[in-house]
Each structure stands twice: as structure tokens, then as C-alpha cells.
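Each chain is listed here by its residues.
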Amino acid sequence: LSKTLIVCPSIKFAEAVNDILTARGFKTFLSTSKNDSNNSILSVARSSPIGFLISVGKCSLGFNDESIKTLLDCRSTDSPTSLDNSNQIYARILRRAPDGSRKSYFRISNSDPESYNNQVLMLHR
């Protein structure tokens with residue numbers, strides 16, 4: 001958990017995750033359109049060697065941080081575009097770590113296991 005990216009479905013969800021991790025003493029970087037319109041927090045998080053980067057819609061296209069070791073995708077799998085979005089997010093963890101360490105991707109399930117399983121299978125393919 002040295003450096004983790006948590007992709008959230010909403011600002012409210014991201015703020016709750018941030019509050020929980022902060023209360024437990026973890027270093028967090030919350031980057032949403034509400035609190036980080038100029039991406040300054042995102043830049044600070046990218047330069048930090050540790051911490052939880054918690055984001056809503058900011059870390060897909062064009063985002064690169066090779067030091068992220070763990071990605072937790074908490075977004076829904078039930079929209080028609082969610083596979084394309086998930087593929088973009090999944091690609092964030094495919095970049096090699098500078099130290100060669102192993103990376104992990106976790107996806108949170110929604111209430112439709114068939115949709116979830118199909119999308120995870122497509123991502124792995």
C-alpha cells in the first residue's frame with residue numbers, strides 16, 4: 001500500500017473514503033473537480049512516494065504515475081461506457097514501476113455480478 005490510487009464513482013464517495021483513511025492516519029490526496037480544479041493536489045500526489053490518491057474522473061486519459069502500486073476501482077459497472085472507462089483506468093496500473101515491483105488491481109462489484117464478471121474478463125483479455 002505504499003502508493004495507491006482509488007477511483008471513486010462520486011465526489012461524496014471520494015470524500016467519505018478520504019475521511020476514513022485520514023482518520024486512520026494515512027496520507028491522502030483528494031483530487032476532485034470540487035476541490036482541485038487546477039490539478040495542484042494531483043501534481044503533489046504524483047511527486048509523493050507514498051499515500052492514497054483518491055480521485056473522481058481525473059486519472060484516466062493522460063494521467064501517468066508509474067509509482068502507483070495498487071489501484072482500487074470503485075466505480076459502477078452498469079453503464080454502457082463503463083468498460084471503456086475501466087480500460088482507461090486499468091491502463092494506469094500497467095505501467096512498469098521504476099523499482100520493478102509488482103502492481104495490483106482491485107475492482108469493487110456492483111449488484112449485477114454478470115456485468116461485473118464480463119467486464120473484468122474483458123479487461124484481463
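Residues numbered from 1 in each chain as written. Predicted model: local features only at pLDDT ≥ 70, side-chain atom pairs only at ≥ 80, totals over all residues. Heavy atoms only, no water.

Asker: So, the overall build of the chain: which residues are in play, and what are the values?
Answerer: Along its length, the chain carries 4 helices and 5 strands. Taking all 125 residues of the chain together, 42% fall into the buried category. Counted over contacts in the chain with a minimum sequence separation of 6, partners at least 24 positions apart contribute 65%. (Helix = DSSP H or I, 4+ residues; strand = E, 2+ residues; numbered from the N terminus. Buried < 20%, exposed > 50% of the residue type's maximum accessible area, 1.4 Å probe, protein only. Contact = heavy atoms within 4.5 Å.)

Asker: Just give me the short version of the pattern of salt bridges, but keep the residues and values in it.
Answerer: Per the stated rule, a full pass over the model turns up 3 salt bridges. Linking Lys 69 and Asp 99 is a salt bridge whose minimum nitrogen-to-oxygen distance equals 3.6 Å. Of this pair, Lys 69 sits in the loop between β3 (51-55) and β4 (70-73) while Asp 99 sits in the loop between α3 (82-90) and β5 (104-107), and the two are 30 residues apart along the sequence. Using a relative accessible area of 55% as the deciding quantity, one classes Asp 99 as exposed. (Salt bridge = Lys/Arg side-chain N within 4 Å of Asp/Glu carboxyl O.)

Asker: Kindly report on the environment of Arg 102, identifying the contributing residues and their values.
Answerer: Among the structural elements, Arg 102 can be located in the loop between α3 and β5. For Arg 102, a relative accessible area of 78% corresponds to the exposed category. When the C-alpha positions of Arg 102 and Thr 70 are compared, they lie 9.0 Å apart, and in sequence the two are 32 residues distant.

Asker: Give me the pairing of strand β1 (residues 3-7): which residues, what numbers.
Answerer: Across the 5 residues that make up β1, a large majority, 5, are buried. Residues Lys 3, Leu 5 and Val 7 point to one face of β1 and Thr 4 and Ile 6 to the other, with burial holding for every one of them. As defined by bridge partners, β1 adjoins β4 across 4 bridges and the pair is classed as parallel. If you follow Leu 5 over to β4, its bridge partner there is Leu 71. (Pairing = 2+ DSSP bridges.)

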